[in-house]
Amino acid sequence: MQDPDTTPIADAPELCRMGARALAAAYAEGRLSPVEVTQAALARAEAVQARLNAFSMIDADSALAAARASEARWKAGNPLSPVDGVPSTIKDIVSVKGWPARYGSTTTDAAPKAEDAPSVARMRAAGLVFLGMTTTPEFGWKALTDCALTGITRNPWDPEVTPGGSSGGAAAAAACGAGVFHLGSDGGGSIRVPASFTGICGIKPTFGRVPAYPASPFGTVAHVGPMTRRPDDMGLMLDVMSGRDRQDWLQGEAVFPGLDPVEVSFAGLRIGYWKTPPSGTVDPEIAARIDAEVAALAAAGAIVEEIALPMSESLLETFNFHWYAGAASRLSGLSPEQRAAVDPGMAEIAAVAEGWSVPQYLAAVTARAEYGAAMDKLLGEYDFLVSPGAAVLPFRAGEEVPPGSGLPRWIEWAGFSYPINLSQQPAASLPAGRSESGLPIALQVIAGRGRDAEVIGFAKAYGAAHPERFL
């Protein structure tokens, strides 16, 4: 483990540490320009890239052009939104007009996309400045970030270990201040695992709150959401990204409650403490740290009860049916030559799914529906559930599972993540301190579907109680 004073996190300049609200106030008052802030963010992105490989591409010309347009709007007193001119990044799995989306794969081409994905279009309409695209494992299939196209992405706290994934590039960039808003995606923990591993904030929203197009081959376990250094920025970014888009049929026509601020006090909250994942084991140091966090919530007046997830014994199998089938779907259009070039782990799980019958898959869909209904009921009984953000500490970069664990796949150690993709509730990862070796540990907070604003409110209250933990 590196000395914290020599990590890439510690040397971020002041302009790269400011949150969106502070930047907007400075823009409005003329104390800062979106151009100088973007220049600082681009310099930071280049430095992060050299050390950590967080970006698949950086587009300085496009970013500076957007920043100059934002500067003109602020000078005229006509910003597009309260966060106009805030530096942002997009994961290389979501379409940005004029940029390629390579999905971390050598099997894709570098042709620029003709249109923005809905979430990106909303960010562009708010005047955000796009610095570039962040790294992902191939097709976002695993909770690590390495692939044949872009190589290994590393953790700012210790470059020898992984930042997690699949939004690992976004997490590394966020932790180091290379942008304020970072778009990630989460199909089995891909926002929350890297947020946990790098000490930042990340939320998997209620499914359907943030529109997605084209539909993910991994189906309705896949969500798009924000990754930021602090809870306030997480809420601001989620507000920008949210809304109905009729390209996304899977959203349905349900109207979720808005993201108007919700103030959360811990006193009187009914909290369910989820301690045991359906697969894998919890590192003792993480368990002790989260036990202490939960005890502090109880001391602040929360009513805490230990809970077990419904149908816990079958959740790994249910998730695997959905995830493996998604992998098979994603690879189905590849030629034999292309398929031979795909990450071997992804090819292996796709091959497993290709041996299943349709009735087997539909039985898993039914099991998921039963579990989702049980989770809705459980979250009608509690204001929030809390758990570790991840069951394991960050481990050696380039490995799928912790060395010596004996686990066959990343999914086994992501047991605090994938169950909430199956049930589609909003869930956020929040920094809860660090291990004895200096690596981040996180608390996960979960609320009922549609209650994203309450999760943001909890995160803000938690951040106010522990400001020293937030970068």
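Just so we're clear, the structure is a prediction, and the values are computed from it rather than from any experiment. Residue indices begin from 1 for each chain and proceed along its sequence in written order. With pLDDT at 70 or above as the cut-off, local features in this predicted model cover only qualifying residues; side-chain atom pairs require 80 or more to be listed or tallied, and sums for whole chains, interfaces and linings still use all residues. Only hydrogens and water are removed before side-chain values are computed, so all heavy atoms of the structure are retained for them.

Looking now at the nonpolar core. Core analysis: the largest hydrophobic core is formed by 112 residues, its most contacted members being Trp410, Trp413 and Phe458. Tryptophan 413 has contacts with Ala143, Leu144, Val193, Phe197, Ala391, Val392, Phe395, Glu400, Val401, Pro402 and Leu407, leaving out every residue within four places of it along the chain. Counting residues in hydrophobic clusters, the runner-up holds 22 residues, among them Ala45, Ala174, Ala195 and Leu471. We define the nonpolar core as a collection of buried residues of types Ala, Val, Leu, Ile, Met, Phe, Trp, Tyr and Cys that are connected through side-chain atoms lying within 4.5 Å of one another. Each residue is placed in one exposure class: buried if its accessible area under a 1.4 Å probe, protein chains only, is under 20% of its type's maximum, exposed if it is over 50%, and partly exposed if it falls in between. Pairs of residues are marked as contacts when any of their non-hydrogen atoms sit within 4.5 Å.

Hydrogen bonding along the main chain pairs the strands of a sheet, whether they run parallel or antiparallel. As summarised here, the arrangement of the 11 strands in space is S1-S3-S2-S6-S8-S7-S12-S13-S11-S9-S10, forming an open sheet in which the pairing is mixed. At either margin of the open sheet sits one strand with a lone partner, and together these are strand S1 (55–58) and strand S10 (303–307). Strand-to-strand twist of the sheet, defined as the mean angle between neighbouring strand axes without regard to direction, takes the value 30°. Across three bridges, S1 lies against strand S3 (residues 129–134) in antiparallel orientation. Counted as the bridge partner of methionine 57 is methionine 133 from S3. Docked against the sheet, helix H7 (residues 231–241) engages strand S6 (181–186), strand S7 (201–204), strand S8 (223–228) and strand S12 (427–434), running at close to 145° with respect to S8. Angles run from 0 to 180 degrees between N-to-C directions of axes, and those axes are lines fitted to C-alpha atoms, restricted for helices to the stretch in contact. Only DSSP runs of H or I with at least four residues qualify as helices, and only runs of E with at least two residues qualify as strands; both kinds are numbered from the N terminus onward. Strands in contact with helix H15 (residues 452–465) are S7, strand S9 (270–274), strand S11 (384–388), S12 and strand S13 (440–446); relative to S12, the strand with the most contacts, it is inclined by about 15°. Two strands qualify as a pair provided DSSP detects at least 2 bridges between them.

All right, on to the pairing of S6 then. The element S6 is extensively covered by neighbouring structure, given that six of its six residues are classed as buried. Residues Phe181, Leu183 and Ser185 line one face of S6 and the alternating positions His182, Gly184 and Asp186 line the opposite face, and both faces are buried. As judged from the three bridges shared by strand S2 (residues 87–91) and S6, these two strands associate in the parallel manner. Within S6, the residue paired with isoleucine 90 across the bridge is leucine 183. Bridge count between S6 and S8: five bridges; the pairing is antiparallel.

So, about helix H9 (residues 315–331). The periodicity of an α-helix, 3.6 residues per turn, causes residues three or four places apart in sequence to face the same way. Between its first and last C-alpha atoms H9 spans 24 Å; for 17 residues at 1.5 Å apiece the expected length is 24 Å, and the two agree. In terms of burial, H9 is largely enclosed, as 12 of its 17 residues are buried. Taken together, the buried positions of H9 are occupied by Leu315, Thr318, Phe319, Asn320, Phe321, His322, Trp323, Tyr324, Gly326, Ala327, Ala328 and Leu331. In a helix, the anticipated span is given by 1.5 Å times the number of residues less one.

Just to be clear on terms, a salt bridge is a Lys or Arg side-chain nitrogen sitting within 4 Å of an Asp or Glu carboxyl oxygen. This model, assessed by the stated rule, comprises 25 salt bridges. The partner of lysine 142 in a salt bridge is aspartate 146, and the shortest N-O contact between them spans 2.9 Å. Taken individually, lysine 142 and aspartate 146 each receive the classification buried, so the pair is uniform in this respect. Note that arginine 469 is salt-bridged to glutamate 468, the shortest N-O span being 3.9 Å. The exposure class assigned to arginine 469 is buried, which follows from its relative accessible area of 17%. Here the salt bridges do not stand alone but share partners, grouping Arg289, Glu293, Glu468 and Arg469 into one network.

With that settled, consider the packing of H7 against H15. Viewed as axis vectors pointing N to C, H7 and H15 meet at an angle of 160°, and their least axial separation amounts to 8 Å. The angle between the axes of H7 and H15 places the two elements in the roughly antiparallel class. Both H7 and H15 take part in a crossing whose hand is left-handed. Between H7 and H15, the residues in contact are Pro231, Asp232, Met234, Gly235 and Leu238 and Asp452, Ile456, Ala459 and Lys460, respectively. Classes in brief: Ala, Val, Leu, Ile, Met, Phe, Trp, Tyr, Cys and Pro nonpolar; Asp, Glu, Lys and Arg charged; the others, Gly included, polar. Looking at the contact of H7 with H15 residue by residue, the classes come out as five nonpolar, one polar and three charged. Here is the rule for angles: anything less than 35 degrees is roughly parallel, anything more than 145 is roughly antiparallel, 65 through 115 is roughly perpendicular, and the remaining ranges are oblique. Handedness of a crossing follows from how the near helix is turned relative to the far one, being left-handed for an anticlockwise turn of less than a right angle and right-handed for a clockwise one.

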